[in-house]
Amino acid sequence: MDLTGKRVFLTGGNRGLGRAIMEALLSEGARVYFCSLQAEKGKSLEAELQDRHGSSSVFFRQCDVSDADQLKKTFDDAVSKLGWVDICINNAGIMDERKMEDTIAVNAVAQIRGSQLALDHMRRDRGGRGGVIINVVSETGFKPVYWVPVYTASKHAVLGFTTSWAKNPRMSEMGVRWRCVCVGSVDTDMIHPTEEGQMVDQSTFVIPFALLIEMSEYVAAFLKMLRDQAHDDVIFEIQNGTGGRFRKRQIVDSDGVSNPVTVD
Ligand SMILES: NC(=O)C1=CN([C@@H]2O[C@H](COP(=O)(O)OP(=O)(O)OC[C@H]3O[C@@H](n4cnc5c(N)ncnc54)[C@H](O)[C@@H]3O)[C@@H](O)[C@H]2O)C=CC1
Ligand SMILES: CCCCCC(=O)/C=C/C=C\C/C=C\C/C=C\CCCC(=O)O
């Protein structure tokens, strides 16, 4: 897929993975509408990026994605500013085991709702132009991670939702492709818990520096996935040093061995 001129809706774009993907897409000639919780940071980033890429290339709106009404208004505003949306990236997420409801609301419900808004808008069988819906999941979407069980549950939910929609036999008629980005750890604010309790057994948590994925590798793999329209697979796994690859759904055996399996 040529990304030039593509119209992108992205949640959680003011920092971390979302910001890196947004800047890469703008450099490829795409136009991006992004939202995040923090209004001031978002506004100043919008101004900075408009200076660099042009005033009609990037738009920001403050939005709490866990609020259904705000998310709908924000998506509708994106359609009105961009004309339409070709690529929807549900990226916003949090990791805090003390906040179970918030974690499920932001990581699972909001990504599911964002996907549904995008699907309704994109469906060719209902007058849309087709498109791609990308949910930024995590490797925790298909494997257990004992430090963050609630976070892991939220990511499993999105993987189940996304792979299920992708199996709809009428999807080619709808003209929509689905992707789950299942990435290991990238060095963003998220992986540095600052308060006791954000993780279970935090005292045993050691950042796995050897496994960390460089932001540049994440971005390159993400763009590779976006350009590749040939694959039917939904899960795109990014581990360090692999450059990213499509795979079937995985299970992890009790002995820790991870096996690719086909679910159909
Ligand atoms: N950093 C990592 O190692 C990994 C991150 N991920 C996922 O990638 C996504 C982005 O994570 P990072 O960039 O690392 O985290 P981050 O903490 O740097 O950025 C999170 C973004 O989500 C936004 N956000 C959070 N709650 C929101 C809400 N209620 N409404 C609107 N926006 C909200 C924040 O404003 C921020 O822009 C998350 O879904 C995360 O679970 C997945 C695997 C690994
Ligand atoms: C393999 C899990 C990657 C989880 C990435 C993620 O979504 C958020 C990470 C935030 C902090 C780090 C949390 C958990 C553990 C990190 C590495 C575990 C490596 C062990 C393994 O089972 O592979």
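Residues numbered from 1 in each chain as written. Chains lettered and ligands numbered in written order. Predicted model: local features only at pLDDT ≥ 70, side-chain atom pairs only at ≥ 80, totals over all residues. Heavy atoms only, no water.

Counted only if it meets this: UniProt positions are given in the numbering used here, feature names are shortened, and annotations may be inferred rather than shown by experiment.
Within an unreviewed UniProt entry, the label attached to the protein chain reads 15-hydroxyprostaglandin dehydrogenase [NAD(+)], and the organism entered is Batillaria attramentaria. Entered under Sequence similarities (unreviewed entry) in the UniProt record, the comment concerning the protein chain runs "Belongs to the short-chain dehydrogenases/reductases (SDR) family."

### Remarks on the site of ligand 2
To be explicit about the condition: Proximity is defined per residue: any heavy atom of the residue falling within 4 Å of a molecule or strand makes that residue near it. In protein, a polar contact means a hydrogen-donor-capable atom and an acceptor-capable atom, both N or O and within 3.5 Å, with residues adjacent in sequence counting only if both atoms are side-chain atoms; elsewhere, any N or O pair within 3.5 Å suffices. With residues, only the protein chains shown are counted as cover, and all accessible areas are computed by Shrake-Rupley using a 1.4 Å probe. Lys, Arg, Asp and Glu make up the charged group, whereas Ala, Val, Leu, Ile, Met, Phe, Trp, Tyr, Cys and Pro make up the nonpolar group; the residues left over, Gly among them, are polar.
In the neighbourhood of ligand 2, 14 residues make up the surrounding shell, with Met-95, Ser-138, Lys-143, Tyr-151 and Ile-191 lying closest. Within the side chain of Tyr-151, an N or O atom sits 2.6 Å from an oxygen atom of ligand 2. For ligand 2, whose free accessible area comes to 520 Å², the fraction covered by protein is 82%. Looking at the shell around ligand 2 residue by residue, the classes come out as 9 nonpolar, 4 polar and 1 charged.

### Comments concerning the packing of helix 1 (residues 16–27) against helix 7 (residues 215–227)
How we decide: Here an angle of 0 to 180 degrees is reported between the N-to-C directions of two axes, which are lines fitted to C-alpha atoms, with helices fitted over the stretch in contact. Under the DSSP-based scheme used, a helix requires at least four consecutive residues in state H or I and a strand at least two consecutive residues in state E, with every element numbered from the N terminus. Throughout, the term roughly parallel applies to angles under 35 degrees, roughly antiparallel to angles over 145, roughly perpendicular to angles from 65 to 115, and oblique to all others. Each crossing is labelled by how the near helix is turned from the far one, with a counterclockwise turn of less than a right angle marking it left-handed and a clockwise turn marking it right-handed. Any two residues whose heavy atoms approach within 4.5 Å at even a single point are treated as in contact.
Packing of helix 1 against helix 7 leaves a shortest axis separation of 10 Å and a crossing angle of 60 degrees. What the angle tells us is that helix 1 and helix 7 run oblique. Crossing geometry of helix 1 relative to helix 7 is assigned as right-handed. On the side of helix 1, the interface is formed by Gly-16, Leu-17, Ala-20, Ile-21, Ala-24 and Leu-25, while helix 7 contributes Met-215, Tyr-218, Val-219, Phe-222, Leu-223 and Leu-226. Grouping the amino acids of the contact of helix 1 with helix 7 by side-chain chemistry returns 11 nonpolar, 1 polar and no charged.

### Details of the packing of helix 1 against helix 2 (residues 39–53)
Running from amino to carboxyl end, helix 1 crosses helix 2 at an angle of 20 degrees, the nearest separation of the two axes being 11 Å. Put simply, helix 1 runs roughly parallel to helix 2. Helix 2 is crossed by helix 1, and the crossing has right-handed handedness. Contacts between helix 1 and helix 2 involve Arg-19, Met-22, Glu-23, Leu-26 and Ser-27 on the former and, on the latter, Leu-45, Glu-48, Leu-49, Arg-52 and His-53. Here the contact of helix 1 with helix 2 is composed, by residue class, of 4 nonpolar, 2 polar and 4 charged.

### Some words on the sheet that holds strand 4 (residues 87–90)
How we decide: Strand pairing is defined by DSSP finding a minimum of two bridges between the two strands.
Taken in spatial order, the 8 strands of this open sheet run 3-2-1-4-5-6-7-8, and their pairing is mixed. Each edge of the sheet is formed by a strand with only one pairing partner; in this case those strands are strand 3 (58–62) and strand 8 (245–247). Neighbour to neighbour, the strand axes of the sheet diverge by 20 degrees on average, direction disregarded. The sheet contact formed by strand 1 (residues 7–11) and strand 2 (residues 31–36) spans 5 bridges and is parallel. Its bridge partner lying in strand 2, Phe-9 is registered against Tyr-33. The sheet contacts of helix 3 (residues 68–82) involve strand 1, strand 2 and strand 3, and relative to strand 2 the element is tilted by about 160 degrees.

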